[in-house]
Amino acid sequence: MYKIVLMRHGESTWNLDNRFTGWTDVDLTEKGCAEAAQAGKLLREAGFTFDLAYTSVLKRAIRTLWLTLDEMDLMWIPIQHDWRLNERHYGALQGMNKAETAAQYGDEQVLVWRRSYDTPPNPLSADDPRASYQDPRYAGLARQQIPLTECLKDTVERVMPAWDDTIAPAIRAGKQILISAHGNSLRALIKSLDGISDSDIVGLNVPNGQPLVYELDADLKPIRSYYLGDAAAIAAAQQAVASQGKSR
Ligand SMILES: O=C(O)[C@@H](CO)OP(=O)(O)O
């Protein structure tokens, strides 16, 4: 049996402001830093150790990983940064307040934009300063690989090649792996690992900074998965994420 840990970054400044974030590179709040350290403490106390970590190229996930590894005295392990683990690109919604958007367009429409499998928000225009074409961290990518918007289906289509090409082979080679990523890039991975339907994935929300353990069989199919932290607190945090897109 293999065991891996998935973790969404701690609270970010735009989580606190309740803004659609996507590929915007915002940092953690103080609370987010504390959540990341607490995750490291939980993992250490539960006897976990890692010899390889994966994260995105966005600092909220990277800093979460650093703080978690620091708490575990594991800052020395190799870290692979992969743009394919980035948050789902939120298109023209990036920067907008979720509750205000719901007040303007309705809760139902915002739920479709946030959680439907195959409906992307409107794209950024290619000359929008928020587009990532000039960002050096994406310099190695072809222009068509850099999104202007994404639905979860698009995110699945970039996350799963990262899993298949790099993460799964490392797991099979016996590496103990921690993945620090984002709400929707993790929803994409969880959907694929657990075979969740396009309609059921709408109800899945990933809380900030909570280690999610997956036990996998020899074919890397999940045997079981569970959050390490307090179950009631995690359920409340998941409900809070779901409610962020409501007008009130
Ligand atoms: O704004 C975002 O990029 C994501 C994660 O914070 O939000 P949501 O939960 O609305 O998909």
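This one's a predicted model, so the numbers in the text were calculated from it and none came from an experiment.

1. Comments concerning the packing of aromatic side chains
Any pair of aromatic rings gets described here by the distance separating the centres and the angle formed by the planes.
Here is step 1 of the chain: Here the structure, examined in full by the defined rule, presents five aromatic pairs.
Here is step 2 of the chain: Ring geometry for phenylalanine 48 versus phenylalanine 50: centroids 6.4 Å apart, planes at 25°, classification stacked. For the pair formed by phenylalanine 48 and phenylalanine 50, the shared burial category is buried.
Here is step 3 of the chain: Sitting above the plane of the tyrosine 133 ring, arginine 143 keeps its charged end 3.8 Å from the centroid.

2. Brief notes about the packing of helix 6 (residues 152-172) against helix 7 (residues 183-194)
Here is step 1 of the chain: Axis separation between helix 6 and helix 7 bottoms out at 8 Å; the angle between their running directions is 75°. Between helix 6 and helix 7, the interaxial angle falls into the category roughly perpendicular. Contact with helix 6, carried on its side by Leu152, Thr155, Val156, Val159, Met160 and Trp163, involves Asn184, Ser185, Arg187, Ala188, Leu189, Lys191, Ser192 and Leu193 of helix 7 and no other residues of that element.
Here is step 2 of the chain: Here the contact of helix 6 with helix 7 is composed, by residue class, of eight nonpolar, four polar and two charged.

3. Some words on the UniProt feature "site: Transition state stabilizer" (unreviewed entry) in the chain
Here is step 1 of the chain: Mapped onto this numbering, the UniProt entry gives "site: Transition state stabilizer" (unreviewed entry) at His182.
Here is step 2 of the chain: Relative to the helices and strands, histidine 182 resides in the loop between strand 4 (177-181) and helix 7.
Here is step 3 of the chain: Taking the relative accessible area as the measure of exposure, histidine 182 reaches 0% and is therefore buried.
Here is step 4 of the chain: Histidine 182 has contacts with Arg8, His9, Ser56, Leu58, Arg60, Ala61, Leu85, Asn86 and Glu87, leaving out every residue within four places of it along the chain.

Cut-offs applied
- Residues numbered from 1 in each chain as written.
- Predicted model: local features only at pLDDT ≥ 70, side-chain atom pairs only at ≥ 80, totals over all residues.
- Heavy atoms only, no water.
- Phe/Tyr/Trp six-rings, centres within 6.5 Å; stacked < 30°, edge-to-face > 60°.
- Buried < 20%, exposed > 50% of the residue type's maximum accessible area, 1.4 Å probe, protein only.
- Lys NZ or Arg CZ within 6 Å of the ring centre and 35° of its normal.
- Axes fitted to C-alpha atoms, helices over the stretch in contact; angles between N-to-C directions.
- Helix = DSSP H or I, 4+ residues; strand = E, 2+ residues; numbered from the N terminus.
- Parallel < 35°, antiparallel > 145°, perpendicular 65-115°, else oblique.
- Contact = heavy atoms within 4.5 Å.
- Nonpolar A, V, L, I, M, F, W, Y, C, P; charged D, E, K, R; others polar.
- UniProt positions renumbered as here; feature names shortened; annotations may be inferred.

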